[in-house]
Amino acid sequence: MSDVIKKATRESYGEALVALAEKYPNLIVLDADLAAATKTGMFKKAYADRFYDCGIAEANMMGVAAGLAAAGMIPFASSFAMFAAGRAFEIVRNSIGYPHLNVKIGATHAGISVGEDGATHQCCEDLALMRTIPGMTVINPADDTEAKAAVEAAILHDGPVYCRFGRLAVPVINDPATYKFELGKGVTLREGKDIAIIATGLLVNEALTAADALAQEGISARVINIHTIKPLDTEIVAKAAAECGRIVTAEEHSIIGGLGSAVAEAVCESCPVPVRRIGVNDTFGHSGPAVELLKQFGLSAEHIAEVVREELGK
Amino acid sequence: MDEMLVRQLQIHACHVRMGIIEGVYHAKSGHPGGSLSIADLLTYLYFTRMHVYPDNPDFAERDRFVLSKGHTAPALYATLAEKGFFPMEEMKTLRHIGARLQGHPCITIPGVDMSSGSLGQGISAACGMALAGKHRADNYRVYTVLGDGEIEEGQVWEAAMFAAHYGLDNLTAIVDNNGLQIDGKITDVCSPEPIPDKFAAFGWHVIECDAHDFDDLDRAFREAERVTMQPVAIIQHSTKGKGVSFMENQVGWHGTAPNQEQYEKAMAELTEQLRRLEEQA
Ligand SMILES: Cc1ncc(C[n+]2csc(CCOP(=O)(O)OP(=O)(O)O)c2C)c(N)n1
Ligand SMILES: [Mg+2]
């Protein structure tokens, strides 16, 4: 296990921007005094003339990004998820969403795994907020490989895209040599028939670990990675509902409005089956080391496995 | 100010600085730079100006304090501890899982009047507290501390407009002008200068002072208390990281915790400063 490579997806974000700069000459990067943390600092270093610091002014940054896009550029506007999706929400809705402008939002430090900074910075509402904006594409990659691919997919997609990245280093589970990112398509990582675990972001790896443990007990759990929260792959969800009969969702986000809600909405309309949502249970976070917090909030393989057993009455 | 009082304040400020370093070191994270730059200011406020009561932290007529630049919570917590709201020893639990000293100020902590941490929001809440005071003809004053990077937030200027419009002369906003934010110098990132002119243009009474000179702080705050019909902005010229030589004026010490060696070096410096002050006292 010691040879597992770990990397924070915010690092992947910074590296991808640098790697794609030559290929996409209209790509331009904005930050709001967090370049060192969001990792756009890498891009600033390599392409200083294509980087603009907006200062601690996220609302204005989103408006500027809208204008840049309207003038033909492909801006990546970067800040912490809390401020990109939260502080600037209404600007994102009205100046980016409504005119359907080609703005990419690079939101790092999402979720409880922000750690020690505590509740004010632990954004567990961004997927819900962004998902409600008509025409907004919402991506939440699971690892380094997927995050890098997501950045390019966001560039290739014409329209607003919200990309969610994390602060915590997480295992690289996808092989960059063979990995293909398809916007809006879920990925079945494990076949299974007793129950389907539908996960996103850093919970995907936890879901895989849980499925392994469950397999030892004779429970066959399907694992599906949903990297695109919107548009949701309703087909893969409906199929899982029909074939497995039960769904557990797992996300580093509030159980209200994120992946769990999206999946529940989808199965209600296609193939109603019980859906149990694992996530942050309508509560604020607090300070502490990221890994301990994830355990405490039940965002772990152990807790996923426990919930699956409960659901199956085992 | 009386020389003995100044010496006493310097000793308190040194304890506060030690508390800050203890806190971020044991948390292995946090923001020492901007905490150290307001250690003298908070010491001055809590030990000379503010009517607050450690035994009765929620007393209705108390003066209010909002740390709008919430990331410098270690400075607020250490000052509250020095004032007696809770033991200084508790600084060692800062940011720990299950501890009450959260990474950013949380209203449930004794002595903390407002949760903060998302920059630009504290000054608005301070306006609300000042407005409530005016509305009910209460006599308390409201103080809020902003970062010089923080004032890049548009909300700060909405609050500035509001406070002047409603003549909130019970509100004093202090801008900690240490010249640095995260990505570099404020003048390189997205300059908010000239700061005094901006507040003046918004209708505030503006005072500038040296953040690390208690006599000058005293002059500034006494002047502030005489102002009527206008809110007061005190632009305090400070040094980020003040008091720990290797942290001073270094942008890298904005949000980094010292390792063990750096912690020991910082504590040795502060212990030496304290020894000298106590000798003189
Ligand atoms: C709305 C918001 N955006 C971004 C941040 C992240 N952040 C924390 S501190 C900081 C820089 C603050 O600089 P300054 O106000 O000058 O503080 P000081 O130098 O006193 O530490 C930033 C961008 C935040 N806490 N809130
Ligand atoms: Mg500053």
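Here, the structure is the one placed above.
Residues numbered from 1 in each chain as written. Chains lettered and ligands numbered in written order. Predicted model: local features only at pLDDT ≥ 70, side-chain atom pairs only at ≥ 80, totals over all residues. Heavy atoms only, no water.

Got a sec to walk through the overall build of chain B? Specific residues and values, please.
Of the regular secondary structure elements, chain B holds ten helices and five strands. The C-alpha atoms of chain B give 18 Å as radius of gyration, which agrees with the globular expectation for 281 residues (19 Å, within 12%). The contacts in chain B between residues at least 6 apart in sequence include a share of 75% that link residues at least 24 apart. Carbon and sulfur atoms make up 50% of the accessible area of chain B, which amounts to about 10800 Å² in all. Here chain B contributes 24 positively and 39 negatively charged side chains, and the mean placements of these two sets differ by 2 Å. (Helix = DSSP H or I, 4+ residues; strand = E, 2+ residues; numbered from the N terminus. Rg over C-alpha atoms; globule rule 2.2 N^0.38 Å. Contact = heavy atoms within 4.5 Å. Areas by Shrake-Rupley, 256 points an atom, 1.4 Å probe, with all protein chains shown as cover. Lys, Arg positive; Asp, Glu negative; His and termini not counted. Charge placed at Lys NZ, Arg CZ, Asp CG, Glu CD.)

Please set out the sheet that holds strand S6 (residues 137-139) of chain A residue by residue, giving values where relevant.
Residues and elements named next belong to chain A. What the seven strands build is an open sheet, ordered S3-S2-S4-S5-S7-S6-S12; its pairing is mixed. Of all the strands in the sheet, the pair left with one neighbour each is strand S3 (51-53) and strand S12 (228-230). The sheet shows a mean angle of 20° between the axes of neighbouring strands, direction not considered. Bridge count between strand S2 (residues 27-31) and strand S4 (residues 74-80): five bridges; the pairing is parallel. Each residue of the ladder has a partner; that of leucine 27, found in S4, is isoleucine 74. (Pairing = 2+ DSSP bridges. Axes fitted to C-alpha atoms, helices over the stretch in contact; angles between N-to-C directions.)

Can you break down the packing of aromatic side chains residue by residue, with the values?
All names here are of chain B. A complete count under the given rule lists 14 aromatic pairs over all chains for this structure. Relative to phenylalanine 199, the ring of tryptophan 157 has its centre 4.7 Å away and its plane inclined at 45°; by these criteria the two rings are tilted. Taken together, the positions of tryptophan 157 in helix H6 (residues 154-165) and phenylalanine 199 in helix H8 (residues 195-201) put the pair 42 residues apart, joining distant regions of the chain. The class for tryptophan 157 is buried, based on a relative accessible area of 14%. Look at tryptophan 157 and phenylalanine 202: their rings are 5.1 Å apart centre to centre, the planes differ by 45°, and that puts the pair in the tilted class. Note that tryptophan 157 is positioned in helix H6 and phenylalanine 202 in the loop between H8 and strand S4 (205-210), a separation of 45 residues in sequence. Through a chain of ring-to-ring contacts, three or more aromatic side chains come together here, namely Trp157, Phe199, Phe202 and Trp204. Across from the ring centre of tyrosine 140, 4.2 Å away, lies the NZ or CZ of arginine 64, which sits over that ring. Here the guanidinium or amino end of lysine 83 rests over the ring plane of phenylalanine 47, the centre of that ring lying 4.9 Å away. (Phe/Tyr/Trp six-rings, centres within 6.5 Å; stacked < 30°, edge-to-face > 60°. Buried < 20%, exposed > 50% of the residue type's maximum accessible area, 1.4 Å probe, protein only. Lys NZ or Arg CZ within 6 Å of the ring centre and 35° of its normal.)

Before we move on, could you go through the coordination of the magnesium ion (ligand 2) and cite the residues and values that matter?
All names here are of chain B. The magnesium ion (ligand 2) binds to the protein through Asp148 (OD), Asn178 (OD1) and Leu180 (O), with metal-donor distances spanning 2.1 to 2.2 Å. Written as a sequence motif, the donor arrangement for the magnesium ion (ligand 2) is D-x29-N-x1-L. According to the relative accessible area criterion, asparagine 178 is buried, its value standing at 9%. Here leucine 180 falls in the buried class, since its relative accessible area comes to 9%. (Donors = N, O, S within 2.8 Å, 3.2 Å for Na, K, Ca; no water.)

I'd like a rundown of the site of ligand 1, residues and numbers included.
Close contacts around ligand 1 come from 25 residues, with Glu58(A), Lys69(B), His71(B), Asp148(B) and Lys240(B) the closest. Around ligand 1, the nearby residues trace back to chains A and B. Within the contact set of ligand 1, a nitrogen atom lies 3.4 Å away from a side-chain nitrogen or oxygen of His121(A). At a separation of 3.0 Å, an oxygen atom of ligand 1 approaches a polar side-chain atom of Asn178(B). (Near = heavy atom within 4 Å. Polar contact = N/O pair within 3.5 Å; in protein donor to acceptor, adjacent residues only side chain to side chain.)

Which residues make up the pairing of S4(A), and what values do they have?
Residue and element names in this part refer to chain A. S4 sits mainly inside the fold: seven of its seven residues count as buried. Pairing between S4 and strand S5 (residues 104-108): five bridges, direction parallel. Of the residues in S5, the one forming a bridge with alanine 77 is isoleucine 105.

Before we move on, could you go through the nonpolar core and cite the residues and values that matter?
Counting 59 residues, the largest nonpolar core has Leu45(B) and Phe65(B) as its most contacted members. Those residues within four positions of Leu45(B) in sequence are excluded, and the remaining contacts are Met50(B), Phe65(B), Tyr143(B), Ile174(B) and Phe221(B). (Core = buried A, V, L, I, M, F, W, Y, C linked by side-chain atoms within 4.5 Å.)

Provide a residue-level description of unusual backbone geometry, including the pertinent values.
Following Lys230(A), the chain continues to Pro231(A) via a peptide bond in cis, the omega torsion being -5°. You can see Pro231(A) is positioned in the loop between S12 and helix H10 (234-244). In this structure, Asp282(A) is a non-glycine residue whose phi angle is positive, near 55°. Phi is positive for Lys28(B), close to 55°, though the residue is something other than glycine. Relative to the elements of secondary structure, Lys28(B) occurs in the loop between helix H1 (3-27) and helix H2 (32-36). The class of Lys28(B) is exposed, set by a relative accessible area of 71%.

Just give me the short version of a nonpolar patch on the surface, but keep the residues and values in it.
A cluster of nonpolar side chains, contributed by Leu131(B), Phe162(B) and Tyr166(B), occupies part of the molecular surface with about 260 Å² of accessible area. Tracing the sequence through the fold places Phe162(B) in helix H6. (Patch = residues over 30% accessible without salt bridge, like charges linked within 9 Å, V, L, I, M, F, W, Y side chains within 5 Å. Salt bridge = Lys/Arg side-chain N within 4 Å of Asp/Glu carboxyl O.)

An account of the environment of Glu90(A) is requested, with residue identities and associated values reported.
Residue and element names in this part refer to chain A. Structurally, glutamate 90 can be placed in helix H6 (residues 89-97). Looking at glutamate 90, the relative accessible area reads 47%, which means it is partly exposed. Sequence spacing of glutamate 90 and leucine 129 is 39 residues, and the spatial spacing of their C-alpha atoms is 9.9 Å. Of note is the side chain of glutamate 90, whose polar atom sits 2.8 Å from the side chain of asparagine 94.

Give a detailed account of the interface of chain B and chain A, specifying residues and quantitative values.
Taken together, the contact pairs 26 residues of chain B with 24 residues of chain A. Around 1900 Å² of area is buried between chain B and chain A when both sides are counted, 47% of it from carbon and sulfur atoms. Among the residues chain B hides against chain A, the three largest losses belong to Ile97(B), Glu153(B) and Asp183(B). Together they make up 33% of the total. Scanning the region where chain B abuts chain A turns up two salt bridges. Among the salt bridges present, the one from Asp117(A) reaches Arg95(B), with a minimum N-O distance of 2.8 Å. Here chain B and chain A share 15 residue pairs in polar contact (both at pLDDT 80 or more) between them. Classifying every residue of the side of chain B that touches chain A by side-chain character gives six nonpolar, 15 polar and five charged. (Buried area = accessible area lost by both parts, 1.4 Å probe. Nonpolar A, V, L, I, M, F, W, Y, C, P; charged D, E, K, R; others polar.)

Hey, could you go over the side chain of Glu311(A) for me, with residue numbers and the actual values?
All names here are of chain A. You can see glutamate 311 is positioned in helix H13 (residues 301-311). Glutamate 311 sits in the buried class, given a relative accessible area of 16%. Separated by 3.0 Å, the side chains of glutamate 311 and arginine 246 make a polar contact. In this structure glutamate 311 touches Ile195, Arg246, Val248 and Arg276, once residues within four positions along its chain are discounted.

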